[in-house]
Amino acid sequence: MKHTIKILVLSISFCGILSAQQPSKAEILDSVLIDSKTLLPRKNSSKVVSKITEETLEKTPGKSIASIINEVSGIEINGAHSNDGQNLGYYVRGGRNRQVVIMVDGVQLNDPSQIANDFDLRLISTSSIESIEIVKGASSVLYGSGAATAVISITTKKPSERPITALVTSTFGSNRPTENEGYNLEEYTNSVSVNGTLQQFFYQMDFANRYVDGLSSVAAREGEALFESDIFNRYNGKMNLGYHFTKNIQLSRFFSFDKFKSDFDNFGYTDADFRSISKQFRTGGNFQWKYIKGIFVLNDNYTWLERDVSNSSFPEKYDSKSSTLDAYINHKITTQLSLLAGLNFNESRFNSFSIPFGETDFTQSVDEKTANFKIIDPYLNAVYISNFGLNINAGARLNTHSLYDNHFLYNLNPSYNLELGVANLKILGSYSTAYITPSLFQIYAPLYGNENLQPEENTTIEGGLEFSTENNLRISAVYFTRNEKNYIDFVTIDPELFISQYQNISEEFTANGVEVEFSKRIGTKFNISGNYTYTQPDEKFALRIPKHKANAQMGYSITSKTQAGLSYHYTGQRDDIYFNPITFEAETVTLESYGLMDLSFSTQLSENLKLFANVANVFDEEYEEIYRFQTRGRNVRVGFSLGF
């Protein structure tokens, strides 16, 4: 702690002796929101924020949201290159799923019936997304429980200002492993959106479907025949209605449903006809009131979710409900200082049903009357942008939980801008805390639950540089170190009787690493970008986390309407663990590094019609993301977008 205070004092002192200028109009357009809930020019943000723009998303039609996010520095979405139904692991800075917050349109989403209380990205259609912002590090002051290693904020598309517009997008292609020589059409992704604005009223209706066949969940051993393919089939629908009461006051409400069916194989690495079905219904809305010196925002969401894995070796059914409300007012006190005050509320509950040993009918194993909790968190955050280059983002949050004592959190993120002619050098530092409350599953699960669990605590220290120029060059490098204590582990109490339980353990763990990013536009034709991540987690958390990971992209504008792209993704060696069905013991195996090359092409044939194509894994490289589970080989995808 003493070292942390010294670092922050030195950072602020160093910043204070330098000078800088006010942001230009171009810089204001290049703005970020996620790290402060205040729209700021990127250079005045006290973090390095990764932003996936609408332009980037349009270049990757048919691609899953997991595979797109997997190309961001510091993030490993394990399972992104596997069968579409593969469970996803969110590994960021040595953390796991329960330490990553996923938000959609300003509201945190979660599934109280999941062990990690995490939201399943497989439920989201990429066609509905306008942009994604990602900030790494402890962010619980603004985003509450779980925001320990990253916050992924997804913004969906907005209605057109025209009275009526429609967009139809369709892609189709192959979905084969490297062992299969054929290129059959086995992937179909279709979406349609109708939206517009009629005077003060605006509306949007979206529907999407993704159907994928051709790839097995588990890979057959060498010399064996390929396992039967496992189907993934998803439907998404959403209706959003809103009204502009005045130029500065608007209200909108939405209703959406998401459903997917996913086949999978036996965890003993044998072929099986198992199936998982997930259904989600969401409703909520947004209210905004802009006034002369600020804005008031109210976002709310209600989610009802069902998961059915009754067709499996361990038949179970779950249903969960969660209500979330986030209200805040962001007031500009002076031209340099703004203050954000907010209140966050969450109520979660779930039921589960299983078939007891020796019986054939489902019985309720967890009741929502018992398995529920409420969180009510007030928070404050201040953003100071000086006229001499110093920027400070600082805040605090009081977590009040229905099952635990109050918990106080805070963050201090100073940065400084040094103008170097047409270039800008941002020096940043950060000290942030976070917490992760136990999930309802960890507390109340039969056999394994523990009602005496306490929240985990995380602390992240960051320091780095971001260099940018007016000719579209940006380079950043960030060092981080993360400390975790009060960790909730799955502890074996009696191995002979197979008795285990979730418990807080006394050990503290650390993870550290470096994240480097660059991007450059060369003339009017070329743009290149890339990133490299070095992660050194504690040995206990190293499973499936590569120490080295890199991504590189190059785009070329053949004409003003035709573009081509080339991307490369490298994932280094990492360890995995599997249960040996012969020895009945857990064994560790090393997964080899791999690199994947992708090609893409698109052309705007007319004002309304766009064609695109891409080839994934050009060299048909064979690799594993998860031991013995199948991954995609070389595949071709083509499609079109038609607007009216």
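Cut-offs used in this document
- Residues numbered from 1 in each chain as written.
- Predicted model: local features only at pLDDT ≥ 70, side-chain atom pairs only at ≥ 80, totals over all residues.
- Heavy atoms only, no water.
- Helix = DSSP H or I, 4+ residues; strand = E, 2+ residues; numbered from the N terminus.
- Buried < 20%, exposed > 50% of the residue type's maximum accessible area, 1.4 Å probe, protein only.
- Contact = heavy atoms within 4.5 Å.
- Phe/Tyr/Trp six-rings, centres within 6.5 Å; stacked < 30°, edge-to-face > 60°.
- Salt bridge = Lys/Arg side-chain N within 4 Å of Asp/Glu carboxyl O.
- Polar contact = N/O pair within 3.5 Å; in protein donor to acceptor, adjacent residues only side chain to side chain.
- pLDDT = per-residue confidence, 0-100.
- Pairing = 2+ DSSP bridges.
- Axes fitted to C-alpha atoms, helices over the stretch in contact; angles between N-to-C directions.

Moving on, we come to the environment of Tyr578. Along the chain, the position of Tyr578 falls in strand S32 (residues 574-580). Its relative accessible area of 14% is what places Tyr578 among the buried residues. For the pair Tyr578 and Gly268, spaced 310 residues apart in the sequence, the C-alpha separation amounts to 9.6 Å. Setting aside residues no more than four positions away along its own chain, Tyr578 makes contact with Tyr269, Glu585, Ala586, Glu587, Val589 and Tyr627.

This part is about the packing of aromatic side chains. Taken as a whole and assessed by the stated rule, the structure comprises 21 aromatic pairs. Both rings, one in Tyr269 and one in Tyr627, keep their centres 5.9 Å apart while their planes meet at 85 degrees; by these two values the pair is edge-to-face. Within this pair, whereas Tyr269 is found in the loop between strand S14 (249-266) and strand S15 (270-291), its partner Tyr627 is found in the loop between strand S35 (609-616) and strand S36 (635-643), the two being separated by 358 residues in sequence. Given a relative accessible area of 11%, Tyr269 falls into the buried group.

This part covers the pattern of salt bridges. One pass over the structure, following the stated rule, counts 30 salt bridges. Taking the shortest distance from any N to any O, the salt bridge between Lys136 and Glu517 comes out at 3.9 Å. In this pair, Lys136 sits in strand S8 (residues 129-136) while Glu517 sits in strand S28 (residues 509-522), placing the two residues 381 residues apart along the sequence. Between Glu484 and Arg482 there is a salt bridge; the shortest N-O distance is 3.0 Å. Overall, the relative accessible area of 1% leaves Glu484 in the buried class. With a relative accessible area of 4%, Arg482 lands in the buried category. Through salt bridges with shared partners, one network takes in Lys47, Arg93, Lys136, Glu462, Glu515 and Glu517.

Take the side chain of Asn209 next. Relative to the helices and strands, Asn209 is located in strand S12 (residues 201-212). The class for Asn209 is buried, based on a relative accessible area of 16%. Here Asn233 takes part through its side chain, which lies 3.1 Å from a polar atom of the side chain of Asn209. In this structure the side chain of Asn209 is engaged in a polar contact, spanning 2.7 Å, whose partner is the backbone oxygen of Arg234. Not counting residues within four places of it along the chain, the set of residues in contact with Asn209 comprises Tyr188, Thr189, Asn190, Asn233, Arg234 and Tyr235.

Moving on to the confidence of the model for the protein. For the protein, the average pLDDT comes to 91, and 95% of its residues sit at 70 or higher. Confidence over residues 1-29 falls short of pLDDT 50; this stretch has 42 contacts with residues more than four positions distant or in other chains.

Bringing the sheet that holds strand S7 (residues 107-109) into the picture now. Across a sheet, strands are paired by hydrogen bonds formed along the backbone, either parallel or antiparallel in direction. Reading across the sheet, the five strands line up as S3-S8-S9-S6-S7 and stay open at both edges, with mixed pairing between neighbours. The two strands at the open ends of the sheet, each matched to only one other strand, are strand S3 (50-52) and S7. Strand-to-strand twist of the sheet, defined as the mean angle between neighbouring strand axes without regard to direction, takes the value 25 degrees. Where S8 lies against strand S9 (residues 150-156), seven bridges are found, and the strand directions are antiparallel. Pairing of Ser131 across the sheet is with Thr155, part of S9.

Now for the side chain of Arg176. Mapped onto the elements of the fold, Arg176 is located in the loop between strand S10 (165-173) and strand S11 (187-198). A distance of 3.1 Å separates a polar atom in the side chain of Arg176 from a polar atom in the side chain of Asp620. Filtering out sequence-adjacent residues up to four positions away, Arg176 remains in contact with Glu181, Gly182, Tyr183, Leu215, Asp620, Arg632, Gly633, Arg634 and Asn635.

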